[in-house]
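# An overview of the molecular structure
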Amino acid sequence: MDDNYDVVILGGGAAGLNGALMLARSRRSVLVIDSGSPRNAPADGVHGLLGREGMPPGELLALGRAEVESYGGVVLSGEAVAVRPLGPDAAVAAPVADATVATDLRFEVELADGRVTRARRLLLASGLADDLPDLPGLREQWGRGVLHCPYCHGWEVRDRRVGVLGTGPMSVHQTLLFRQLTDDVVLFTRGAELPGEDIEKLLARGVRVVPDEVTEIVTGGDAVTGVRLADGTVVARDAVAVGPRMNARAGFLADLGLAPVEHPMGIGEHVPADPTGRTSVDGVWAAGNVTDPSAQVGAAAAAGAAAGAQINADLVAEEAALAVRRRRAGVPA
């Protein structure tokens, strides 16, 4: 790890690596800090990604890291614990092909092991953490018999008996999406009241609604076999869908004044960013699930690529302006 980089990327998933690839191919010095805990690690394969359908998540990330490194990018296993703004006097020769251009370093990044590096720009791609209901059997089956996304895992449970745990405002929508894949769907509302129009939709689609509390996800032979209710009844199911609360991994940005906020859809927290990935803090972009909790791997990768291009363009503009000032001051190129 060097002392200074054009861009430090916080997160080594699809968004972070694709952003790094764009930047490294633009001859930017790039450091990716990867904590090694991707959200989709429990899944058997990545789905909905053209050309990589069904590839194990770890294999996809390994390919991405190799591609970034082939262009000179650095991928480091570690965890960022703090990011601090630097003063205006933190300037070095720009680590680009034209090293005569002086530019400001804006950020200091501290790792859990005490190492520190500095960057001109940051790309936040640290993803999110799923806050799962506290039910026996649920976490053990997460990513296999317990799933959340019909586009990521729905095909694999087509025509099977699916249960949906009501967890929030998107539960009815999630239930109807799974009903597209199988005609045997049960929604466990867990005591929550549903609007009459939602109940009518579910009944019209042949979805059974069970209002009782759920006490356990029943498993057998490393597979989901049912959902146990508070009275002991077990409703046989082959898979269970749940909509977890999703919280952005961004606590280390507190010193920048960039804190996660509640997502408008009520599904958790995220770091807001504009369509280009630019956040409210100048010099910081965000891409992937940390800003868009519903983004699948393909969308996260695309957002990372777009943010990488925007960061490079921002640096190009800064370097051109600095070069103009040097020329006007009579400093040789």
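Summary of the structure given here. (Residues numbered from 1 in each chain as written. Predicted model: local features only at pLDDT ≥ 70, side-chain atom pairs only at ≥ 80, totals over all residues. Heavy atoms only, no water.)

From N to C terminus, the protein includes 6 helices and 21 strands. Judged by the C-alpha coordinates and their principal axes, the protein covers about 80 × 35 × 35 Å. Relative to its full complement of 333 residues, the protein shows a buried share of 47%. Restricting to contacts in the protein with at least 6 residues of sequence separation, those with at least 24 account for 59%. For the protein, the exposed surface amounts to about 15,500 Å²; the carbon and sulfur share of it is 52%. Of the charged side chains in the protein, 31 are positive and 43 negative; the average position of the first set lies 6 Å away from that of the second. (Helix = DSSP H or I, 4+ residues; strand = E, 2+ residues; numbered from the N terminus. Buried < 20%, exposed > 50% of the residue type's maximum accessible area, 1.4 Å probe, protein only. Contact = heavy atoms within 4.5 Å. Areas by Shrake-Rupley, 256 points an atom, 1.4 Å probe, with all protein chains shown as cover. Lys, Arg positive; Asp, Glu negative; His and termini not counted. Charge placed at Lys NZ, Arg CZ, Asp CG, Glu CD.)

For the rest of this paragraph, the subject is the nonpolar core. Soluble globular proteins: nonpolar side chains tend toward being buried together. Formed by 25 residues in total, the largest nonpolar core has its most connected members in Val8, Leu10, Val83, Val109, Leu122, Leu124 and Leu253. Taken together, the elements giving at least two residues each to this core come down to β1 (4–10), β2 (30–34), β4 (80–85), β7 (107–111), β8 (116–124) and β21 (284–286). Formed by 20 residues, the second largest nonpolar core is a distinct cluster that contains Ala20, Val32, Val75 and Ala287. (Core = buried A, V, L, I, M, F, W, Y, C linked by side-chain atoms within 4.5 Å.)

Taken as a whole and assessed by the stated rule, the structure comprises 0 disulfides. Summary of cysteine pairing: Cys149 is not part of a disulfide, and the nearest cysteine sulfur, belonging to Cys152, is at 3.0 Å. Overall, the relative accessible area of 11% leaves Cys149 in the buried class. (Disulfide = S-S within 2.5 Å.)

Here the focus is helix α2 (residues 57–70). In this model, α2 (14 residues) spans 20 Å end to end at C-alpha, consistent with the 20 Å of a helix rising 1.5 Å per residue. One or two positions beyond α2, positive phi appears at Gly72, with a value near 95°. (Expected span 1.5 Å × (residues − 1).)

Here the focus is the packing of helix α1 (residues 14–24) against α2. Interhelical geometry of α1 versus α2 gives an angle of 20° and a closest axis separation of 9 Å. Regarding the angle of α1 to α2, the classification is roughly parallel. For the pair α1 and α2, the sense of crossing is left-handed. Contacts from Ala14, Leu17, Ala20, Leu21 and Ala24 of α1 reach α2 at Leu61, Gly64, Arg65, Glu67 and Val68. In terms of residue class, the contact of α1 with α2 is made up of 7 nonpolar, 1 polar and 2 charged. (Axes fitted to C-alpha atoms, helices over the stretch in contact; angles between N-to-C directions. Parallel < 35°, antiparallel > 145°, perpendicular 65-115°, else oblique. Left-handed = near helix turned anticlockwise from the far one by under 90°. Nonpolar A, V, L, I, M, F, W, Y, C, P; charged D, E, K, R; others polar.)

Let's shift gears to the sheet that holds strand β14 (residues 214–219). Hydrogen bonds between backbone groups are what pair the strands of a sheet, and the pairing can be parallel or antiparallel. Strand order in the open sheet made by the 3 strands is β14-β15-β16, with antiparallel pairing throughout. With partners counted over all chains shown, the strands left at the sheet margins are β14 and β16 (234–236), one partner each. Strand-to-strand twist of the sheet, defined as the mean angle between neighbouring strand axes without regard to direction, takes the value 25°. Note: β14 against strand β15 (residues 224–229), 5 bridges, orientation antiparallel. Each bridged residue has a counterpart across the sheet, and for Val218 the counterpart in β15 is Gly226. (Pairing = 2+ DSSP bridges.)

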